[in-house]
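Letter by letter, the chains look like this.
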Amino acid sequence: MRETERKYEVPACSDASWLPPLDRVEGVASLVDRGLEELDAVYYDTGDLRLSGSSATLRRRTGGSDAGWHLKLPLPGDSREEVQAALTDAVPDALRDLALSRTRGAELTPVVRIRSSHEVRELVDGDGAVLAELSIDAVRAESLRAQGRSAAWREMEVELSEDADPALLDAVEKRLREHGIARAQSSSKLVRALDEMAPVPGGERDEAADLPEGSVGEQVLAYVREQIRVLTALDPAVRRDRPDAVHRMRVACRRLRSCLRSYRSVLDREVTDAIRGDLKWLAGELGAERDQEVLMERLTR
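Computed from a predicted model, the values in this text were never measured in an experiment.

Q: Provide a residue-level description of the sheet that holds strand β7 (residues 130-143), including the pertinent values.
A: Pairing within the closed barrel is antiparallel, and its eight strands lie in the order β1-β5-β4-β3-β2-β6-β7-β8. Here the average twist between neighbouring strands, direction ignored, is 35°. In this fold helix α4 (residues 167-178) packs onto β1 (2-9), β6 (109-124), β7 and β8 (150-160), with an angle of close to 5° to the strand it touches most, β1.

Shown next as structure tokens:
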């Protein structure tokens, strides 16, 4: 499922008297109170936080209407793709595979537990159709790697319904800003929890840090990183046979191989020659799948 939402900072008070009358937003007829849910989620990541470092999250959550495993993958703008699996003790193999391009095979272990008192209100139109869900969360986070580290805060989310007009989020945000309510700095509860419960493991070394600005090396490395990002993002779509995913991944493989070949003079060939071989193998595997896709398209016309 596709999830499109925005997060906001809210006052520390225990009630919602600060919330502006959102039924004055165009298209919204009323807010319907859906009560309080108690949610309990354990977030999993690698030892060096490869999932959160790539804006993805994996959690096991109990409570609420969608208890289970949730893998969230970034999409452009305010959207993320959420892949769900049934509630089990261990990480489901299907979600582990979809996260593989980001974890690169590293073990997934519990890193943070986040419990939320989740107050839900629905923004509905004149016909009673739900346009968006507004939730106010009292959040308590606990580190599962550093004993005694915890954090607590309150936040609000506005999540668009699947078929609603994305312009509604802008209209709601305008009304919130008029009442002094600003966007949250963190993109997810996990990111905020990790930030507030620092220190956390450092990220991978930035190879471009010592390169002269505007140099060939800097430009080549930026291009390589972009193609790696594309390959990483497309991997879950290819595994689920999403339309055009195989073709787009083949293009990214070809571009990356071409770059590594063309700029051998500024790259470490002991590393890149092996990668070029792997990319050639991957392109071959994708090519066979792409040929089958093209054949099926022709046969079904």
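Q: Please provide a residue-by-residue account of the pattern of salt bridges, values included.
A: What the rule picks out here adds up to 32 salt bridges. Here E9 and R192 are joined by a salt bridge, their closest N and O atoms 3.2 Å apart. Here R192 lies in helix α5 (residues 189-196) and E9 lies in strand β1, a separation of 183 residues in the sequence. R192 gets classed as buried once you look at its relative accessible area, which sits at 16%. Its salt-bridge partner being E157, residue K189 comes within 2.8 Å of it at the nearest N-O pair. With K189 in helix α5 and E157 in strand β8, the pair connects residues that are 32 residues apart, well separated along the chain.

Q: Kindly report on the environment of D15, identifying the contributing residues and their values.
A: Mapped onto the elements of the fold, D15 is located in the loop between β1 and β2 (30-45). By relative accessible area, which is 40% here, D15 ends up partly exposed. Taking the C-alpha atoms as reference points, D15 and E5, separated by ten residues in sequence, lie 22 Å from one another.

Q: Explain the nonpolar core to me, and be specific about the residues and the numbers.
A: Membership of the largest hydrophobic core comes to 21 residues, with the highest contact counts inside it found for W18, L134, M156, V158, L168, V172 and L176. Of all elements in the fold, only β7, β8 and α4 reach the threshold of two or more residues within this core.

Q: Talk me through the pairing of β7; I want residue IDs and the actual numbers.
A: Across a regular strand the side chains alternate sides, sitting on one face of the sheet and then on the other. Bridge count between β6 and β7: 13 bridges; the pairing is antiparallel. Counted as the bridge partner of R113 is E142 from β7. Between β6 and β7, which follow one another and run antiparallel, lie five residues, and G128 among them has a positive phi close to 85°. Relative to β8, β7 runs antiparallel, the two sharing eleven bridges. For A132, the partnering residue across the bridge sits in β8 and is L160.

Procedures and definitions
- For every chain, the first residue of its written sequence is number 1, and the numbers climb from 1 along that sequence.
- Reporting in this predicted model follows two pLDDT cut-offs: at least 70 for local features of residues, and 80 or more for side-chain atom pairs to be given and counted; totals over whole chains, interfaces and linings ignore these cut-offs and use all residues.
- The basis for the side-chain values is all heavy atoms of the structure; hydrogens and waters are excluded.
- Two strands qualify as a pair provided DSSP detects at least 2 bridges between them.
- Think of it this way: any DSSP run of H or I at least four residues long counts as a helix, any run of E at least two long counts as a strand, and we number them from the N terminus.
- Lines fitted to C-alpha atoms define the axes here, with helix axes fitted over just the stretch in contact, and angles between the N-to-C directions of these axes take values from 0 to 180 degrees.
- Any two residues whose heavy atoms approach within 4.5 Å at even a single point are treated as in contact.
- Each reported salt bridge corresponds to a side-chain nitrogen of Lys or Arg within 4 Å of a carboxyl oxygen of Asp or Glu.
- Think of it in three bands: with a 1.4 Å probe and only protein chains considered, a residue is buried below 20% of the maximum accessible area for its type, exposed above 50%, and partly exposed in between.
- Within this scheme, the nonpolar core is defined by two criteria: the residues are buried Ala, Val, Leu, Ile, Met, Phe, Trp, Tyr or Cys, and they are joined through side-chain atoms within 4.5 Å.

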